[in-house]
Structures are given as C-alpha cells and as structure tokens.
Amino acid sequence: MTAIAAADSSTAGSWLLAVVAVMASGLLIAGPVLRRRYPVAWWVIVGYPLACLHVARTWRPLMAGCGLAVSRKAALVVVSGLVGKGAAPPQPRVPRRGALHPTAQGFWFLVRLLPGQVPESFAKAAPAMAEDWQVHAVRVTAYKPGVVRIVASATDPLKEPQVPKQRGPGRLLRVVVGALETGSQWVLDLRSVPHWLIVGATRSGKSTLINALVAGLAPQHVALVGIDCKGGMELSLYGPRLSALATNRAQAVKLLAALVDLTLDRMAICRAAHVRNIWGLAEKEQPVPVVVIVDEIAELFLIANRNEKDEAQAASTALIRLAQLGAALGVYLVVAGQRVGSDLGPGVTALRAQLGGRVCHRVADPGTAEMALGDLNPDALKAAQAITPEQAGTAVIASGDGWERARSHLISEVEAEATAAEYAHLAPYIPELVDAIGGTSAGMTKPFERPDRDEDE
C-alpha cells in the first residue's frame, strides 16, 4: 500500500509539473499578444505576480543602497564579533513594507518609516525604485504620520489613455476630461473645486482640455459664457451652445459687470431665503449654474494707453469679485492663458489666489509655471517644468488636496462644433448677459426652463 501511495503521489506531482509547464509555455507564446491586446489582463495574470516577487527579493538591498536602512546599535556589532566568533554583524533594519495591491497598470503599498526618517527621503529614492523594479515611474506621497504610500506605474498610462467618454449629461457640473497617471479618470468637478486656472503654450493641450470640458458640460443644464478677446477665434466654435460671448475687451468688461450684478441678485435671493448658497434653495427656485470660460487672460490685462488701463482694471476687479462670490451662488470660472505672470498687473496675483484648481501644461517661460503651481506644491512645479514638447496634452493638475499628472481626451475642432450644435437647444437665454454685449444669444431665444433634476442629484 505504501508503494502504491508513493506511486500515486509521484504521478500527481508529474501531472502538476506538466500542467505548470504547459501554462508557462502558453504564456510565453501568447504573452506578447495578450500584453498588446489586453494589457490589464496581462498585468493581473503575469506582470503583477512577477512584480510582487521582484519587490520582495530586492526590498532590503534597495533600501540599503538608497540610504534608507538603519544600522543596528554599535554594541550589537561588538557583541556579534565576540559571541559569534567573528560572525557577520546583524543586518541593518529596513522600513517595514505592507502587501502590494494591484492597480490597472501597476501596484501600490504602504511603508512604515523608521525613527528619524521623513517622506522626502523616500521621494528622492523614487527614481532608483523605478529603475530597480523596471517600471515606468514611482510616486511617493505621505499617507499619514510615519507612513508613506508608494505607487508604481508599470507603463505610461498617459501615452494612450483608455478612459471611456462620458455618455449623457452625468452629474451636474462634473465632467470626465481625460486620464490620470494612475490610470483613473481625470474628473473636473466644479462643485468640489469651483474655479480653475489653465495655462499652457501653443500646442501644449490647453485648447484640447477646454474642448473636453465644454463637450462634457454641453449636455448638462448649465449656462456657458465665453470671453475670448482674440476676436472669438477659439470660443466661437461653441457659439450655438453659449448664452453669451464677448470677443473684445470692451464687451468683456460689460459682460463681467453683468455677471457680477447677476451674482449679487442671487445673493439677495439666498439672503431672503436664509440659505448660504443656491443649493439650499428649493429645487424649483434654484437658478441655472453659469460657467464662465475666459480664453487668453493676458488680453484682458495688457494695456497700451490710459483708456485701456481703466478697462483692464475694471475687468480685473470684476473677475476677482466673481471668484470670491461665485462658488456659493452658482457662477464658476475657468481662466486660461498661454502666459500668466505678475507683470500683467497686481490683479493677476489676486485672481490667482481665488482659483483653487490649477492645470499646467508645457509652458514657454518658467514664470507662468511658477504662477500656476508655485504657491501650491514645489514638486508639482518641477513635474510641470519637465513636460517636453512631445508630450502634448500632458499636464500637471494641482489643488489643495495634492497634485497628479494627467492627459486630456483629444477632441477635435470638428467634434467641438458638432457637440455645440447638437446641444444648442440647451443654451439658457439670460437677458441680462445678452443685453450687456448688445447682441442676441446664439443658442435659445426663449427663457430657460429648468428641467427635472437627475435622480442622482
């Protein structure tokens, strides 16, 4: 019986080895095709298990090589030599690592710091980690006191972002505009971060981001207002969906003044109803949200004579007031420009302080990147300055919650025009704004009636 049992065990072991060999051969043959066509499946089946083994095998020598290992006490080294008769001293202590958690194209884990260590030391070692683990990039962020979070991306998710386009109106004032470096969706939620500053040089991706934002807002029940002092060259694409469009500074000043008056009227309504914002009003009384898109902010601030100086100051004051008051009253700002610097006037710096969300593409001068990100995070500033001309569409987004690298969806001008035409009937008619610029709304020609709100709102 013992011999039979041994024979059965030997046969089972042989079968197991044969199955493992067949599976390994299949992966070697089909691996390249699987990785190319189904990268997420390949990563979960092959890449992630191999990464776990590799990180476990190299963690101690990697920490020692990066100077993140701490030597044992000197007395232990002496005792080891005496008691162990010349044996090797105890190995240095290394930070304790948690389990690896898979993502769509990478992994993350937590590390508990040793006494005396700070997160910045691990952030400096991130390039060495990426090189050792043979991944695209490694990001280190503080998770909580004494713990850091290490995120590794096996490939560059921004090279060909695979994020499904938004279908239907979605949540009010929330738009998926692209993909984050982590592989997640890049979402601009104006309810969470109401005002944004977007900077970028020519062909850096700034216009593409605005296209994606407008395309996502067009199906929603919001009013879109444009200010494009370059004769409307950019924002006129969305003319049918805009409730108002100013194409020069004189019109912009009048339109901004009308928006301030609109905001003050809403303030009076909220005060009479004893609520702190328009969302506290009864649903039927809530005014339509207004998203103001300002393209090329420098055109509003550049001056050549006394008359232009007065116009620029009036525009600056109105924008700052909208930024201060608008978030609670349903008026949101998206300010874009190729160059934004303190040389445009003191109003720019004051306005920047009110724009909590920042997006920085590749810029032509370091001052613009400094203006966009310098007051939020120095690491974000360095990442933005490292964007190359070949990385069109790539940007660094930052807010009070941190920063990420991201890339917006590519939406062509033809698609933008088609989207604006398709949803032109949703453009609210706001007579105060239309009268301010002395024209007619390109969209609706009757007062806007607020439809029933989506169930998830």
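Up top you'll find the structure we're talking about.
Residues numbered from 1 in each chain as written. Predicted model: local features only at pLDDT ≥ 70, side-chain atom pairs only at ≥ 80, totals over all residues. Heavy atoms only, no water.

Colleague: I tried to follow the pairing of strand E9 (residues 223–228) on my own but got confused; where do I start?
Modeller: Side chains on a regular strand alternate between the two faces of the sheet. Most of E9 is tucked away: six of the six residues are buried. Burial of the side chains of E9 extends over both faces: Ala223, Val225 and Ile227 are buried on one face and Leu224, Gly226 and Asp228 on the other. Relative to strand E11 (residues 290–295), E9 is paired through six bridges, and the arrangement is parallel. Directly across from Ala223, in E11, lies its bridge partner Val290. (Buried < 20%, exposed > 50% of the residue type's maximum accessible area, 1.4 Å probe, protein only. Helix = DSSP H or I, 4+ residues; strand = E, 2+ residues; numbered from the N terminus. Pairing = 2+ DSSP bridges.)

Colleague: For this particular structure, what's the right way to read helix H7 (residues 249–273)?
Modeller: Given 3.6 residues per turn, any residue in an α-helix points the same way as the ones three and four places further on. Taking 1.5 Å of rise per residue, the 25 residues of H7 would be expected to cover 36 Å, and the 36 Å separating its terminal C-alpha atoms lies within 8% of that figure. Taken together, the buried positions of H7 are Arg249, Ala252, Val253, Leu255, Leu256, Ala258, Leu259, Val260, Leu262, Thr263, Arg266 and Cys270. With a side-chain oxygen positioned 3.2 Å from the backbone nitrogen of Ala250, the residue opening H7 is Asn248. Phi turns positive one or two residues past the end of H7, at His274, with a value near 60°. (Expected span 1.5 Å × (residues − 1). Polar contact = N/O pair within 3.5 Å; in protein donor to acceptor, adjacent residues only side chain to side chain.)

Colleague: Help me understand the nonpolar core in this model?
Modeller: For soluble globular proteins, nonpolar side chains are generally found buried alongside one another. Grouped together as the largest cluster of nonpolar side chains are 55 residues, with contacts concentrated most on Ile227, Leu259 and Leu300. Considering every element that reaches this core, the biggest residue donor is H7, with eight residues. Aside from chain neighbours lying at most four places away, what touches Leu300 is Ile227, Cys229, Arg249, Ala252, Val294, Ala312, Ala315 and Leu319. (Core = buried A, V, L, I, M, F, W, Y, C linked by side-chain atoms within 4.5 Å. Contact = heavy atoms within 4.5 Å.)

Colleague: I would appreciate a short explanation of the packing of helix H9 (residues 306–329) against helix H10 (residues 346–354) in the present structure.
Modeller: Packed helices, taken two at a time, are described by their axes: the angle between them and the distance between them. At a minimum axis separation of 9 Å, H9 and H10 run at an interaxial angle of 15°. Between H9 and H10, the angle falls in the class roughly parallel. Remark: the crossing between H9 and H10 carries left-handed chirality. Contacts between H9 and H10 pair Ser316, Leu319, Ile320, Ala323 and Gln324 from the former with Gly347, Ala350, Leu351 and Gln354 from the latter. In the contact of H9 with H10, the residues fall into five nonpolar, four polar and no charged. (Axes fitted to C-alpha atoms, helices over the stretch in contact; angles between N-to-C directions. Parallel < 35°, antiparallel > 145°, perpendicular 65-115°, else oblique. Left-handed = near helix turned anticlockwise from the far one by under 90°. Nonpolar A, V, L, I, M, F, W, Y, C, P; charged D, E, K, R; others polar.)

Colleague: I keep staring at the pairing of strand E6 (residues 174–180) and nothing clicks. Help me out?
Modeller: Of all seven residues in E6, six are buried; the element is thus mostly enclosed. Note: E6 against strand E15 (residues 402–408), three bridges, orientation antiparallel. Directly across from Leu180, in E15, lies its bridge partner Ala406.

Colleague: Please clarify how unusual backbone geometry should be interpreted in this entry.
Modeller: With the exception of glycine, most residues fall at negative phi, and the peptide bonds are largely trans. Phi is positive for Gln134, which is not a glycine, with a value near 60°. Note that Gln134 resides in the loop between helix H5 (126–133) and strand E4 (137–144). With a phi angle near 65°, Leu173 is a residue other than glycine that sits in the positive phi range. You can see Leu173 is positioned in the loop between strand E5 (147–153) and E6. Judged by its relative accessible area of 0%, Leu173 falls in the buried class.

Colleague: Can you help me understand the sheet that holds strand E10 (residues 242–246) in this one?
Modeller: One key point about sheets: their strands pair by backbone hydrogen bonds, in either a parallel or an antiparallel sense. The sheet built from 10 strands is open, its strands ordered E7-E6-E15-E14-E13-E8-E12-E11-E9-E10 with mixed pairing. Of all strands in the sheet, those with a lone pairing partner are strand E7 (185–189) and E10, marking the two edges. Each neighbouring strand pair of the sheet contributes to a mean axis angle of 25°, computed without reference to strand direction. The pairing of E11 with strand E12 (residues 331–337) spans five bridges and is classified as parallel. Bridged to Val291 within E12 is Tyr332. In the packing of H9 onto the sheet, the strands contacted are E11 and E12, and the crossing angle to E12 comes to about 135°. Each of strand E8 (196–199), strand E13 (357–360) and strand E14 (394–399) touches helix H11 (residues 366–373); the most contacted strand, E13, lies at about 155° to it.

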